[in-house]
Structure formats: structure tokens, C-alpha cells
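# A look at the structure
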Amino acid sequence: MSVNTFDIELWAEACEKAARALENCEGHPDDLKFGYAMDEIDSLRALLYHMEGIACTKCAGVGSRAYGDTSTWMGGVGGQQITSGICDKCWGTGRSDRTGPNLRRICVGNYPEGS
Ligand SMILES: [Zn+2]
């Protein structure tokens, strides 16, 4: 599916909204600022999903997902707390046709292909 003019206008509007949100974070504690920024970035990813119609099946196009413990995509030993982390299927793109760098493979080395 190609991106038409209308979609590009939507995209530009979303980017402008994200920029305004970051500007409006002036004076807030850093964690709150980060939360606002991530919300806007998630909106942009959701819009990309809407435009392209190809969402990652594991994170529904968001690019991040909830993990059952604090080790997130790294696996292994982790604390018992639901933790948000980068999606380990699309690696943050939210797309099923294009993945980001596989952090597990980069960090662990010879990780099996397709994992
Ligand atoms: Zn994903």
C-alpha cells in the first residue's frame, strides 16, 4: 500500500502534535516527560500501522509490549513485575514487514535465526 497525500498530512499533523507535547513538558520531572514523549511516539507508530495496514502481531503495531518480569526481551532472571519493553518480534517498528535491529542477537551474539 502506498502513502497518499492525505496520509502524509495526517503524519505531519501527528509529528507536530508530538513536538508540541515535548515542548509542553518543560518543567516536568524527567520521568513524566519521558511518559508524555512515549505516548506521542506510540501514537505515531499506531498511525503508521493505520497507514500501512501491516501491524506486528505481537504488539499490535505499538512497538513495545508488556513482559511478565523485569528481564523483558533479555529473558533470564528478572524481578516479578510486569514491565514494558521493546517488542521482541518487530524490535520496535510495530511492523510485520520490517523489523528493527534484533537486540537479543546483538547483545547475546550467536542467537538462533528467527528467534
Ligand atoms: Zn511488535
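If you're wondering where the values come from, they're calculated on a predicted model, not measured in any experiment. Residue positions are given per chain, counted from 1 along the sequence in the order it is written. Only residues with pLDDT of at least 70 get local features here, since the model is predicted, and only at 80 or more are side-chain atom pairs given and counted; chain-wide, interface and lining totals rely on the full set of residues.

## A closer look at the overall build of the chain
Cut-off, in case you're wondering: Counting from the N terminus, the helices are DSSP H or I runs at least four residues long and the strands are E runs at least two residues long. Our exposure labels follow a C-beta count within 10 Å of each residue's own C-beta, placed from the backbone: buried means 20 or more other C-beta atoms, exposed means 12 or fewer, and partly exposed covers the counts in between.
If you tally the helices and strands in the chain, you get three helices and two strands. Along the chain, from the amino end to the carboxyl end, the secondary structure elements read α-α-β-β-α. The buried share among the 115 residues of the chain stands at 15%.

## Structural notes on the environment of Ser 64
How we decide: C-beta atoms are first placed from the backbone for all residues, and any pair lying within 7 Å is then listed as a contact.
Within the secondary structure, Ser 64 is located in strand 1 (residues 64-67). Ser 64 gets classed as partly exposed once you count the C-beta atoms within 10 Å, which come to 19. For Ser 64 and Gly 85, which are 21 residues apart along the polypeptide, the C-alpha to C-alpha distance reads 5.4 Å. Beyond its immediate stretch of four places on either side in the chain, Ser 64 contacts Cys 59, Ser 84, Gly 85, Ile 86 and Cys 87.

## Observations concerning the nonpolar core
To be explicit about the condition: The nonpolar core criterion groups buried Ala, Val, Leu, Ile, Met, Phe, Trp, Tyr and Cys residues into a set whenever they are joined through C-beta atoms within 7 Å.
Ala 55, Cys 56, Cys 59, Val 62, Cys 87, Cys 90 and Trp 91 together form the largest nonpolar core, which totals seven residues. Other than its neighbours up to four places away in sequence, Cys 59 contacts Ser 64, Arg 65, Cys 87, Lys 89, Cys 90 and Gly 94.

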